[in-house]
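# Fold and geometry: a report
If you want the building blocks of each chain, they are given just below.
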Amino acid sequence: MEKALQKKIGIEKITLDLLITLGLREKNGKYTNAGALFADENDYRGIDLVKFGDNINVMLDRAQIEKVSVLKLYQDALQKYRQYYQNEVIDGAYRRKNEQIPEDAFREAIANAIVHRTWDVNAQIKVAMFDYRIEVTSPGGLPKGLSKEEYLAGQLSILRNPVIANIFFRLGLIEQFSTGIQRILAAYAGSKTQPQFSIFENSIKIVWPVVKMELQGVSEDANEVYSILQSAPLSSSRISQETSFSKNKVLNLLEELIQKGYVVKIGNGRGTKYRRSK
């Protein structure tokens, strides 16, 4: 945290007075609860992150990130997101980043889960990663006095953990304290799929689906094929498997997308693949 604060706000050295001012230490030098959460080693449960295969019985990867700084929780979760939902596409002489799920939305999800969760509950933040969605479940319901409607409207002015929120804000990991939900929704502007929010008494669950942009001037089925091509170039056979369309129908839809300039053909013969042109 010291290096991060030095870089962001120009602090040369972390002193006891500064830690007291930030609410991380008491005058007697002991860590506050918030201070312990930022310590490199602590006793708090963190994040249980699982990448699933075709169903919840198939675990491809699991990372239980515990008893470390909340900054490490944030950074490690972001690294896993990038591993599974981002890739680089070579477009002529350039490389461009392709995101299946907007990074801005995932950043807000993890930051909100850390900043607003109930830390005195012996439970982990659950992050379930699937091919077409991410689910984040955070321990603790809404803060007392905040309604579901106010929360979804981005009126999160009641901070459960104000010290953590302040540090995350100073480090640039969150924007203003009440804009997280609005930023998540903004990341899905124009997408046919939208985040889903489930609010319970003792937990909050948010689902981020793969973005599906609706193209103009093509059929609904062609839009579905275009969505499948989000992550990487695919063969017509693979697209047929993903969509349940016949191979002949897939080839006709691909031709429709090619004619409109949305898709390009790579190679010839049995090795032919298709990718987005933009």
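Below or above, wherever it landed, is the structure these notes cover. (Residues numbered from 1 in each chain as written. Predicted model: local features only at pLDDT ≥ 70, side-chain atom pairs only at ≥ 80, totals over all residues. Heavy atoms only, no water.)

### Re helix α7 (residues 162-170)
Inclusion rule: Relative accessibility thresholds used throughout: buried, under 20% of the residue-type maximum; exposed, over 50%; partly exposed, between the two (1.4 Å probe, protein chains only). Runs of H or I in DSSP of at least four residues are treated as helices and runs of E of at least two as strands, each being numbered from the N terminus. The directions from the helix axis to the C-beta atoms are what the arc is built from. The contact definition used throughout considers only heavy atoms, calling two residues in contact when any of these lie within 4.5 Å.
The set of residues buried in α7 consists of Ile-164, Ala-165, Ile-167 and Phe-168. Relative to the axis of α7, the buried residues are bounded by an arc of 165° and lie together on one face. Of the surrounding secondary structure, the elements contacted by the buried residues of α7 are α2 (16-22), α3 (33-38), α4 (70-85) and α5 (103-116). Positive backbone phi, approximately 80°, marks Gly-172, located one or two places after α7.

### Describing the pairing of strand β8 (residues 203-209)
The cut-off we apply is this: Pairing between two strands is assigned when DSSP locates at least 2 bridges connecting them.
Extensive coverage of β8 is indicated by the burial of 6 of its 7 residues. The pairing of strand β6 (residues 133-139) with β8 spans 7 bridges and is classified as antiparallel. Bridge pairing in β8 places Ser-138 opposite Ile-204. Relative to β8, strand β7 (residues 196-199) is paired through 4 bridges, and the arrangement is antiparallel. Counterpart to Ser-198 in the pairing with β8 is Lys-205. Connecting the antiparallel pair β7 and β8 is a turn made up of 3 residues.

### Thoughts on the sheet that holds β6
To be explicit about the condition: As a rule, the C-alpha atoms of each element are fitted with a line to give its axis, helices using only the stretch in contact, and angles between N-to-C directions run from 0 to 180 degrees.
Strand order in this open sheet of 6 strands is β2-β1-β5-β6-β8-β7, and the pairing throughout is mixed. Since the sheet does not close on itself, it has two edges, and those belong to β2 (59-65) and β7, each with one partner. When the angles between neighbouring strand axes are averaged without regard to direction, this sheet yields 10°. Across the sheet, α4 lies against β1 (47-52), β2, β5 (125-130) and β6, angled at about 165° from β2, the strand it touches most.

### Quick notes on the packing of aromatic side chains
Using the following cut-off: Side-chain rings of Phe, Tyr and Trp, where Trp is taken by its six-membered ring, are said to pair if the distance between their centres is within 6.5 Å; with planes under 30 degrees apart they count as stacked, over 60 as edge-to-face, and otherwise as tilted.
Within the structure shown, the criterion is met by 7 aromatic pairs. Ring geometry for Tyr-81 versus Tyr-85: centroids 6.0 Å apart, planes at 15°, classification stacked. Within this pair, Tyr-81 and its partner Tyr-85 are both found in helix α4, separated by 4 residues, close to a single helical turn. The residues Tyr-81 and Tyr-85 share a single accessibility class, namely buried. Each ring, one from Tyr-81 and one from Phe-106, has its centre 5.0 Å from the other, and the planes form 15°; the classification is stacked. One end of the pair, Tyr-81, is in helix α4; the other, Phe-106, is in helix α5, with 25 residues separating them in the sequence. Residue class for Tyr-81 comes out buried when judged on its relative accessible area of 0%.

### A closer look at unusual backbone geometry
One non-glycine residue, Lys-67, lies in positive phi territory at about 55°. Residue position: Lys-67 is located in the loop between β2 and α4. Its identity is not glycine, yet Ser-244 carries a phi of approximately 70°, on the positive side. Position of Ser-244 relative to the elements: it lies in the loop between α10 (236-243) and α11 (247-259).

### What about the nonpolar core?
Note the following rule: Buried residues of nine kinds, namely Ala, Val, Leu, Ile, Met, Phe, Trp, Tyr and Cys, make up a nonpolar core once their side-chain atoms join them within 4.5 Å.
Of all hydrophobic cores here, the largest spans 55 residues; its most connected members are Ile-114, Val-127 and Phe-168. Setting aside its immediate chain neighbours within four residues, Ile-114 contacts Val-70, Leu-73, Tyr-74, Trp-119, Ile-125, Asn-161, Ile-164 and Phe-168. Grouped together as the second largest cluster of nonpolar side chains are 17 residues, Val-218, Tyr-226, Leu-229 and Leu-254 included.

### Some points on empty space enclosed by the protein
Rules: Using protein atoms alone on a 1 Å grid, points that fit a 1.4 Å probe yet trap it form a cavity, whereas open point sets bounded by protein on both sides within 12 Å along at least five of seven lines form a pocket; residues with an atom within 4 Å of a point count as lining. Grid points are joined across faces, edges and corners, and a volume is the space filled by probe spheres set on the points. When residue character is reported, Ala, Val, Leu, Ile, Met, Phe, Trp, Tyr, Cys and Pro are called nonpolar, Asp, Glu, Lys and Arg charged, and the others, Gly included, polar.
Under the counting rule described, the total for this entry stands at 3 cavities of 30 Å³ or more. The calculated volume of the largest cavity comes to roughly 170 Å³. What lines the largest cavity is a set of 18 residues, among which Asn-112, Ala-113, Ser-138, Tyr-151 and Ile-204 lie closest to the centre. Residue assignment for the lining of the largest cavity shows that the elements contributing at least two residues are α5, β6 and β8. Of all the elements, α5 adds the most residues to the lining of the largest cavity, at 4 residues. Partitioned by chemical class, the residues of the lining of the largest cavity number 10 nonpolar, 6 polar and 2 charged.

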